[in-house]
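Remarks on the overall topology
Listed below are the residues making up each chain.
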Amino acid sequence: MKNIYLDHNATTPVLPEVADAMDTYFRKEWGNPSSIHWAGRGAKSALSEARDKVAAFFNCTPVEVIFTSSGTEGDNHALKGVALQKQPKGNHIITTAVEHPAVLKTCKYLEKTGFEVTYLGVDQDGMLSLDELKAAIRPETILISVMYANNETGTVFPIKEIGEIARANKVLFHTDAVQAAGKFPLDVKELNVDLMTISGHKIYGPKGVGALFVRRGVRLVPMIHGGHHERNRRGGTENVACIVGLGLACEIATRDMEKEVEHVRFLRDRLEKGLMENTPHTKLNGHPELRLPNTTNISFEFIEGEGMLLNLDMLGIATSSGSACTSGSLEPSHVLLAMGLTHEMSHGSIRFSLGRSNTEEDIDRVIELMPPIVKRIRQMSPLYSEETDGAAEITYSDKCNVK
Amino acid sequence: MKNIYLDHNATTPVLPEVADAMDTYFRKEWGNPSSIHWAGRGAKSALSEARDKVAAFFNCTPVEVIFTSSGTEGDNHALKGVALQKQPKGNHIITTAVEHPAVLKTCKYLEKTGFEVTYLGVDQDGMLSLDELKAAIRPETILISVMYANNETGTVFPIKEIGEIARANKVLFHTDAVQAAGKFPLDVKELNVDLMTISGHKIYGPKGVGALFVRRGVRLVPMIHGGHHERNRRGGTENVACIVGLGLACEIATRDMEKEVEHVRFLRDRLEKGLMENTPHTKLNGHPELRLPNTTNISFEFIEGEGMLLNLDMLGIATSSGSACTSGSLEPSHVLLAMGLTHEMSHGSIRFSLGRSNTEEDIDRVIELMPPIVKRIRQMSPLYSEETDGAAEITYSDKCNVK
Amino acid sequence: MYSEKVMDHFTNPRNVGEVDEANGTGTVGNPECGDIMKLTIKVEDDKITDVKFKTFGCGAAIATSSMVTELVKGINLKEADEVSNATVAEALDGLPPVKMHCSNLAADALHAAIEDYKKKSEEK
Amino acid sequence: MYSEKVMDHFTNPRNVGEVDEANGTGTVGNPECGDIMKLTIKVEDDKITDVKFKTFGCGAAIATSSMVTELVKGINLKEADEVSNATVAEALDGLPPVKMHCSNLAADALHAAIEDYKKKSEEK
Ligand SMILES: Cc1ncc(COP(=O)(O)O)c(C=O)c1O
Ligand SMILES: Cc1ncc(COP(=O)(O)O)c(C=O)c1O
């Protein structure tokens, strides 16, 4: 039975041509790019070619690119780097309630060290309000950080407009474009952004590498101090092979974008329609139009996501659940809660995120296999009544079983 | 003409078996280890196996290992993590004047943010004094960070004794073991260390990955905030392939250590003797006995290192010069200056660092090729007089040409 | 992530549903906590002659629910009282550390159902 | 890192040494700065008829020294006055940004040597 991978927002397979390109930098050109002798020269020029490619991806100059070890590091560096640099001038940061933990947890940390953070809310489609954003700006606001596209729902924020507002108010603007990369052009000039984060493994490149665009003239306190790497902005011997992989992945992403977007959008729409028509009591999470073309996030009422995920996995279908039972309690998605979903509905969400290798047959198989899974799990749920095909009557205890 | 690589302290070639092991995690097991479906499971167990291997290398438990993106990140995380965590209790850190920039620059940064740092000096062999260390400890001392072996001279510090002093004074102890790894056993129990940094690319593993040992019970403020990775201690999707490479490199390092140390020591001693006997006016930098078995650092009087390095490079011989003309001025090595060398002698140093692939023929070739290079460059030097084969009479202007 | 036994109980859960003419019901958890479990039992002569569960929760929650019904079917109330969270987790060959809290649910629901039965019988 | 021209001048430096019967000497730099250059010239009829250098410094420092001697050999003092750091760097097809400071040395040494010649001729 063929496996079907529908979790491209979690990670994407590395393209064979990317893996091939990297291979050289493990086996032949293993030199340290800081060395001036023969062993370092190949690595050094590879680094510089990769930087050119990433700069082309951002539509910026190569010196405006800092290589990082992940999207998470890029987000941390942008936020803390600006915050510490601008601390004397102001201590207020604006972000949204639906950011990735890389931004949210960093903001929580900054709050502990004397910064104030406004978390903008979103409406039921996961969209933020530009008026609320404008109203949140204060004289002491030093940074706005708003993601380009949400990883859970795919909702896309109006980055260009936010960039204009930021610029008009002389506030720096960072966007986490980890999920938007490869799906929209990331033109930092067009978008008015000062800082932008991307990650290799979401665009068919390797894990453990990313890049941060930092507009010329924007100074950041470094996060990793050390040698003269990255023009003194980020210490540490460069991960040459992974950086080469990132560069090539960016190049290919641009080359294939149009075709891929069309491909995944067609399949995604088919999947979404098929799933929602075949199963009662579902709800689409995310903006109906302003959404990543590859993402559909659906809540299945009365049941919890992990069960569906496990059942799908047993059939070889990889998806992701908004409900993460990782830290000792079954945490519902902070994104879905921010959109006003109840806890039950948040727990019952499944994210399908498509990619270049998916086919129409894949999608049709999922459409066919999903309803019996949902039915089976609903039969186990105390929230569901088979007789009425609706909510069961149940009284909750008010005590949580979680310590 | 065969290239001869004598710069293993800068970076080592990736072993083919390490590259092979990594390949699987780009081409087949590309899943996200946080995913619970089929695509993530292989990556997750690979991560856990690699962690076991690194834990064995440290002689610690797997939960005491945090994977990082470089030795530099490990050093930063150890220093800032302890500093910020312990800030309420004390603000004094002790380190040495000869640490790697990953430690020194981090200390300089911490000094700017309210910490006090004592930089212990070293004697002419690059050795520190335990009495001075003891005397430097104050009630508000929160951390001692002393490298295991110096990357430039190879001088090895008495880590076990320093660990005992730290423990007796209830001060945390970090050691940067990046250069010692693979040359000495890194038994954290035996050595009394609380934190230890290693880096993949110095032990025939990949660049862009490292590990930090953090003794159970030692809490650090995270440096990269994000998801639940590394038990909430370091956010970011894991660089699975590079981590697998690091794990295997550690395993092989232990397996081959004895043999390799004997091999490089024999060749290093031969090289050192050959070079110093064949050329007048040289000086060995570093401790005569307590030194990495693969490293020899020699100052050639009257001349500057880069010229020698370039000439050697033209013959296919890769070495490194203590003199780095990188940041707008010809900076002499801070390590050699701390050992009391004059600026000229610091500028005139060349580091030869050997590795497993070097052969006796390699070494003999270098011994043969070096003297004419030195002679040729000396002839160009205003500090050298051919007639007397000694120092030339010269009066300096006191103004520097560097702005 | 899960042991084979957990996956077995998750995939083929035993005793799903509600006992006809149950004389004890225990509902624990609520949507805010994440997991909800409803256990119904039929007690005859101090013995649990039938037991069924309905659970809203993750794989571990379903498996522990299923396991607890197997553990207590046919045993007397005194023995059932001694079934703890640890008993259930052990019977499943362990749970991933992050899921340990789920096993609290199953034993809690059982004890709530027994409590309910006792209260009802006293009321009679 | 270095252009071909730099490597050529570094590998085959022109005019190394000290001019016999030099009538102008310029020494610039000191060990603390890193680079030291000593330029000796022989001036006849306002023309630099011979010039040689000795340099302690990195590859760029040696190449710029060599280049400056080539540039000024045979030209008159007025033309030599106009040789600047930029002239030398350009003649070498550029230097890496981090090495730009080295090219300051060569022109400085030249001007110091001319200065020295002029002072000496006045003294006569
Ligand atoms: C002693 C020492 N510490 C730290 C580092 C930094 O490690 P990395 O190159 O992985 O950033 C190095 C090597 O550059 C080193 O020699
Ligand atoms: C929106 C967003 N930001 C940041 C990240 C973090 O990137 P990385 O996985 O490279 O740490 C992710 C992916 O996990 C993401 O989806």
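The model shown is predicted, which means the values in this text are computed figures rather than measured ones.

The next point concerns the interface of chain A and chain B. Taken together, the contact pairs 68 residues of chain A with 67 residues of chain B. When chain A packs against chain B, close to 5000 Å² is buried across both sides, 61% of that on carbon and sulfur atoms. Among the residues chain A hides against chain B, the three largest losses belong to A:Trp30, A:Trp38 and A:His225. Together they make up 14% of the total. Applying the counting rule to chain A against chain B returns four salt bridges. A salt bridge links A:Arg41 to B:Asp313; the shortest N-O distance between them is 2.7 Å. The tally of links between chain A and chain B comes to 26 residue pairs in polar contact (both at pLDDT 80 or more). Elements with a contribution of two residues or more to the side of chain A that touches chain B: strand 1 (4-5), helix 1 (16-27), helix 2 (38-58), helix 3 (71-86), helix 4 (101-112), helix 9 (240-278), helix 10 (305-314) and strand 11 (317-318) of chain A. For the side of chain A that touches chain B, the leading source of residues is helix 1 of chain A, giving seven residues. Split into classes, the residues belonging to the side of chain A that touches chain B amount to 28 nonpolar, 26 polar and 14 charged.

A few words on the packing of aromatic side chains. Per the counting criterion, the structure on display carries 11 aromatic pairs over all chains. The interplanar angle of 90 degrees and the centroid separation of 4.7 Å between the aromatic rings of A:Trp30 and B:Tyr5 together place this pair among those described as edge-to-face. Placement of A:Trp30 in the loop between helix 1 and helix 2 and of B:Tyr5 in strand 1 (residues 4-5) is noted, with the two residues assigned to different chains. Per residue, the accessibility class of A:Trp30 equals that of B:Tyr5, and both read buried. Within the aromatic cluster, the residues linked to one another by ring pairs are A:Tyr5, B:Trp30 and B:Trp38. Between the NZ or CZ atom of B:Arg378 and the centre of the ring of B:Tyr384, over which it lies, the distance is 5.9 Å.

Listed as interface residues are 34 residues of chain C and, on the opposing side, 33 residues of chain A. The junction of chain C with chain A conceals about 2800 Å² of combined surface from both sides, 63% of it contributed by carbon and sulfur atoms. Across the chain C-chain A interface, the total number found is zero salt bridges. Looking at the side of chain C that touches chain A, the elements that each hand over two or more residues are helix 1 (4-11), strand 1 (24-28), strand 2 (36-44), strand 3 (47-56), helix 2 (59-72) and helix 5 (100-123) of chain C. By residue number, the principal contributor to the side of chain C that touches chain A is helix 5 of chain C, which donates five residues. Class assignment of the residues belonging to the side of chain C that touches chain A gives a composition of 18 nonpolar, 10 polar and six charged.

Bringing the pairing of strand 8 (residues 210-214) of chain A into the picture now. Residues and elements named next belong to chain A. Judged by how many residues are buried, strand 8 sits mostly within the fold: five of five residues are covered. Side chains Gly210, Leu212 and Val214 project from strand 8 onto one buried face, and the interleaved Ala211 and Phe213 project onto a second face that is buried too. Examined bridge by bridge, strand 2 (residues 65-68) and strand 8 share four bridges and lie antiparallel to one another. Paired with Ile66 across the two strands is Leu212, which belongs to strand 8. Sheet analysis places strand 7 (residues 195-199) next to strand 8, joined by five bridges and oriented antiparallel. Counted as the bridge partner of Leu195 is Val214 from strand 8.

Residues and elements named next belong to chain A. One can read the domain layout of chain A as domain 1 (4-10 + 257-390) and domain 2 (16-254). A straight line from the C-alpha centre of domain 1 to that of domain 2 covers 29 Å. Counting residues at the interface gives 26 residues for domain 1, matched by 30 residues for domain 2. Together domain 1 and domain 2 conceal approximately 2300 Å² of surface at their shared face, both sides included; 56% is due to carbon and sulfur atoms. Our enumeration of links across domain 1 and domain 2 arrives at zero salt bridges. Inspection of the region where domain 1 meets domain 2 yields 16 residue pairs in polar contact (both at pLDDT 80 or more).

What follows covers the arrangement of the chains. The structure contains five pairs of chains in contact, of which chains A and B account for the largest number of contacts. What separates chain C from chain D at the closest point of their C-alpha atoms is a distance of 51 Å, and the two make no contact.

Its rotation angle being 180 degrees, the transformation that places chain A on chain B also includes 0.0 Å of axial translation and leaves an RMSD of 0.0 Å. Such a combination of turn and shift is consistent with a two-fold rotation axis. Proximity to the rotation axis, assessed at the C-alpha, singles out A:Ser69 in chain A; its C-alpha lies 3.0 Å from the axis. Both copies share a contact surface, since 99% of the interface residues of chain A are interface residues in chain B too.

Moving on: the site of ligand 2. Taken together, 15 residues form the shell around ligand 2, and within it A:Thr72, A:Asp176, A:Ser199, A:Lys202 and B:Thr237 come nearest. At the site occupied by ligand 2, nearby residues are drawn from chains A and B. Here an oxygen atom of ligand 2 and a side-chain polar atom of A:His100 are 3.2 Å apart. Between ligand 2 and A:Lys202 there is a distance of 2.9 Å, counted from an oxygen atom to a side-chain nitrogen or oxygen. Its free accessible area being 380 Å², ligand 2 has 96% of it covered by the protein chains. Ranked by residues supplied to the shell around ligand 2, first place goes to helix 3 of chain A with three residues.

With that settled, the discussion passes to the state of the cysteines. Residues and elements named next belong to chain A. Here the structure, examined in full by the defined rule, presents zero disulfides over all chains. Left unpaired, Cys250 is separated from the closest cysteine sulfur, that of Cys60, by 10 Å. Classification of Cys250 as buried rests on a relative accessible area of 1%.

Further remarks concern the packing of helix 1 (residues 4-11) of chain D against helix 2 (residues 59-72) of chain D. Residues and elements named next belong to chain D. Helix 2 packs onto helix 1 with a crossing angle of 85 degrees between their chain directions and a minimal axis gap of 8 Å. By the criterion of interaxial angle, the relationship of helix 1 to helix 2 is roughly perpendicular. Counting all contacts with helix 1, which are made through Lys5, Val6, His9 and Phe10, the residues of helix 2 involved are Gly59, Ile62, Ala63, Ser66, Met67 and Glu70. A breakdown of the residues in the contact of helix 1 with helix 2 according to their chemical character gives five nonpolar, three polar and two charged.

Below, the discussion takes up the packing of helix 9 (residues 240-278) of chain B against helix 13 (residues 360-380) of chain B. All names here are of chain B. In the contact formed by helix 9 and helix 13, the axes pass within 9 Å of each other and the chain directions differ by 15 degrees. Taken together, the axes of helix 9 and helix 13 lie roughly parallel to each other. As helix 9 packs across helix 13, the resulting crossing turns out to be right-handed. Here helix 9 contributes Phe266, Leu267, Arg270, Leu271, Gly274, Leu275 and Asn278 to the contact with helix 13, which in turn contributes Glu360, Ile363, Asp364, Val366, Ile367, Met370 and Pro371. Tallied by class, the residues present in the contact of helix 9 with helix 13 amount to nine nonpolar, two polar and three charged.

A few words now on the nonpolar core. Note that soluble globular proteins tend to have their nonpolar side chains buried in a common cluster. One finds A:Ile198 and B:Ile198 to be the most contacted residues of the largest nonpolar core, which totals 142 residues. Those residues in contact with A:Ile198, other than ones at most four positions away along the chain, are A:Val54, A:Phe57, A:Phe58, A:Gly71, A:Ala177, A:Val178, A:Ala181, A:Leu186, A:Gly210, A:Ala211, A:Leu246 and A:Cys250.

Turning our eyes to something else, we now look at the environment of B:Ser320. All names here are of chain B. The topology assignment puts Ser320 in strand 12 (residues 320-321). Classification of Ser320 as buried rests on a relative accessible area of 16%. For the pair Ser320 and Val374, spaced 54 residues apart in sequence, the C-alpha separation works out to 15 Å. Beyond its immediate stretch of four places on either side in the chain, Ser320 contacts Asp7, Leu309, Ser349, Ile350 and Arg351.

Scoring rules and cut-offs
- Residues numbered from 1 in each chain as written.
- Chains lettered and ligands numbered in written order.
- Predicted model: local features only at pLDDT ≥ 70, side-chain atom pairs only at ≥ 80, totals over all residues.
- Heavy atoms only, no water.
- Contact = heavy atoms within 4.5 Å.
- Buried area = accessible area lost by both parts, 1.4 Å probe.
- Salt bridge = Lys/Arg side-chain N within 4 Å of Asp/Glu carboxyl O.
- Polar contact = N/O pair within 3.5 Å; in protein donor to acceptor, adjacent residues only side chain to side chain.
- Helix = DSSP H or I, 4+ residues; strand = E, 2+ residues; numbered from the N terminus.
- Nonpolar A, V, L, I, M, F, W, Y, C, P; charged D, E, K, R; others polar.
- Phe/Tyr/Trp six-rings, centres within 6.5 Å; stacked < 30°, edge-to-face > 60°.
- Buried < 20%, exposed > 50% of the residue type's maximum accessible area, 1.4 Å probe, protein only.
- Lys NZ or Arg CZ within 6 Å of the ring centre and 35° of its normal.
- Pairing = 2+ DSSP bridges.
- Domains from an automatic or database assignment.
- Least-squares fit on C-alpha atoms with pLDDT ≥ 70 in both.
- Near = heavy atom within 4 Å.
- Areas by Shrake-Rupley, 256 points an atom, 1.4 Å probe, with all protein chains shown as cover.
- Disulfide = S-S within 2.5 Å.
- Axes fitted to C-alpha atoms, helices over the stretch in contact; angles between N-to-C directions.
- Parallel < 35°, antiparallel > 145°, perpendicular 65-115°, else oblique.
- Left-handed = near helix turned anticlockwise from the far one by under 90°.
- Core = buried A, V, L, I, M, F, W, Y, C linked by side-chain atoms within 4.5 Å.

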